[in-house]
Amino acid sequence: MTAQPPEPSPRPVPSGELRASHDDREAVVEQLRDAAAEGRIDLDELDSRLEQALTSKTYAELAVLTADLPRSPSSAAENLPPLVLKGGMYGASRGPGRWEVPGHVIVHAGVGGASLDFTRVECRLAEVVVEAYGETSGVTIVIPDGWATDTTGMDPAFGGLKDKTTPDRLPGTPLIRLTGSGGMAGVVIRHPNKRERRKLDGNSQRD
C-alpha cells in the first residue's frame, strides 16, 4: 500500500486579514468621532471614514482609517499592568470613585472580602477581563447600567456565581469578561442597588 503524502498545513492568516468584530468597528467609530471633536479631521472626512469603518471586514481595513491619528486613551489603558486587589484579613475595595481601568483586573477575596465598583469610572476599552476568586469571604462587582458581562469562563465552585446584570449593552461600553472561581463564598456581579443609585445621583449633581 502506497503511503499518502501528508496534507499541507493551512497557511496562517496574517493578523491584518483577520475578520473584525462589531466591537472592533465600534471602537474605531468612537476614535474617529473623538478625532473630529478635537479638530483633527473635518466633518466630510469623518462621514467618509465612518462609512468605511462600518463596512470594514478586516483589521487591516480598520487600521487604515486611524493610521494618521494619535493612539486613543483605550490603547494606553491596554498597556497598563493588571490591577491586583487582595482582600487579606481586613478586606479591600476599589471604587466607587474614579480610577484608571486596565484591561485585566485580578481580585482575591481572602478572609476579609473584596469589592470592585466600576460605576464612576470612564472606561473606553472594548473589553475588561476580571479574574475573581471568592475564597473565604466573597467578591462583589458592581458595573453601571448599560454594561454587560460574559460569565462563561467562570467556575462557580462551592460558593457559586450570582449574575444579576442585564444583557442590554450600550454602544461604546466595555464587556466585563468574568473568569476565576467562586471559591467557598462566591462571586456576585450586579448593577447598582437603590442606595448606590441615590448616592450616584447626588454625586452627579455635585459634578
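What you are looking at is a predicted structure, and each value in this text was computed from that prediction instead of being measured. (Residues numbered from 1 in each chain as written. Predicted model: local features only at pLDDT ≥ 70, side-chain atom pairs only at ≥ 80, totals over all residues. Heavy atoms only, no water.)

Draft legend 1. Seen up close, the sheet that holds strand β2 (residues 92-94). The sheet built from five strands is open, its strands ordered β2-β4-β6-β10-β8 with parallel pairing. Unpaired on one side and paired on the other, β2 and β8 (161-163) mark the two borders of the sheet. Across the sheet, the mean angle separating the axes of adjacent strands is 5° when strand polarity is ignored. Examined bridge by bridge, strand β4 (residues 114-117) and strand β6 (residues 139-142) share four bridges and lie parallel to one another. From the neighbouring strand, S115 faces β6, where its bridge partner is T140. (Pairing = 2+ DSSP bridges. Helix = DSSP H or I, 4+ residues; strand = E, 2+ residues; numbered from the N terminus. Axes fitted to C-alpha atoms, helices over the stretch in contact; angles between N-to-C directions.)

Draft legend 2. Examining the environment of L200 more closely. Tracing the chain through its elements places L200 in helix α5 (residues 194-206). Distance from L200 to T119, taken between C-alpha atoms, is 8.1 Å for residues 81 residues apart in sequence. Apart from the residues lying within four places of it in its own chain, the contact partners of L200 are T119, R120 and P192. (Contact = heavy atoms within 4.5 Å.)

Draft legend 3. View of a positive patch on the surface. A cluster of like positive charges, contributed by K194, R195, R198 and K199, occupies part of the molecular surface. The residue R195 is located in helix α5 in this model. (Patch = residues over 30% accessible without salt bridge, like charges linked within 9 Å, V, L, I, M, F, W, Y side chains within 5 Å. Areas by Shrake-Rupley, 256 points an atom, 1.4 Å probe, with all protein chains shown as cover. Salt bridge = Lys/Arg side-chain N within 4 Å of Asp/Glu carboxyl O. Lys, Arg positive; Asp, Glu negative; His and termini not counted. Charge placed at Lys NZ, Arg CZ, Asp CG, Glu CD.)

Draft legend 4. Representation of the sheet that holds strand β3 (residues 104-108) in the model. Across the sheet, five strands lie side by side as β1-β3-β5-β9-β7; this open sheet has parallel pairing. What marks the edges here is a single partner per strand, and that holds for β1 (83-86) and β7 (148-155). Within this sheet the neighbouring strands show an average axis-to-axis angle of 15°, counted without direction. Pairing analysis gives six bridges linking β7 to strand β9 (residues 175-181), with the strands arranged parallel. Its bridge partner lying in β9, T149 is registered against I176.

Draft legend 5. Just a negative patch on the surface, in detail. Taken together, the side chains of D42, D44, D47 and E51 make up a negatively charged region of the molecular surface. On the secondary structure map, D47 appears in helix α2 (residues 43-55).

Draft legend 6. Representation of the side chain of R49 within the structure. With respect to the secondary-structure elements, R49 resides in helix α2. A relative accessible area of 9% means that R49 is categorised as buried. Within the local environment of R49, its side chain forms a polar contact with the side chain of E45, the two groups lying 2.6 Å apart. Excluding residues that lie within four positions of it along the chain, R49 makes contacts with L32, I41, L65, D68 and L69. (Buried < 20%, exposed > 50% of the residue type's maximum accessible area, 1.4 Å probe, protein only. Polar contact = N/O pair within 3.5 Å; in protein donor to acceptor, adjacent residues only side chain to side chain.)

Draft legend 7. Structural view of α2. Here α2 spans 19 Å end to end across 13 residues, near enough to the 18 Å set by a 1.5 Å rise per residue. All of the buried residues along α2 are L46, R49, L50 and A53. One face of α2 carries all of its buried residues, which in axial projection span an arc of 105°. Of the exposed residues in α2, those oriented more than 90 degrees away from the buried face are D44, E51 and T55. Of the surrounding elements, those touching the buried residues of α2 are α1 (22-37) and α3 (59-66). (Expected span 1.5 Å × (residues − 1). Arc of directions from axis to C-beta.)

Draft legend 8. Quick peek at the pattern of salt bridges. Scanning all chains against the criterion turns up nine salt bridges. Of the charged contacts, one joins E122 and R98 as a salt bridge, the two residues approaching to 3.8 Å between their closest N and O atoms. Highlighted residues: E122 in the loop between β4 and β5 (127-133) and R98 in the loop between β2 and β3, separated in sequence by 24 residues. A relative accessible area of 68% places E122 in the exposed class.

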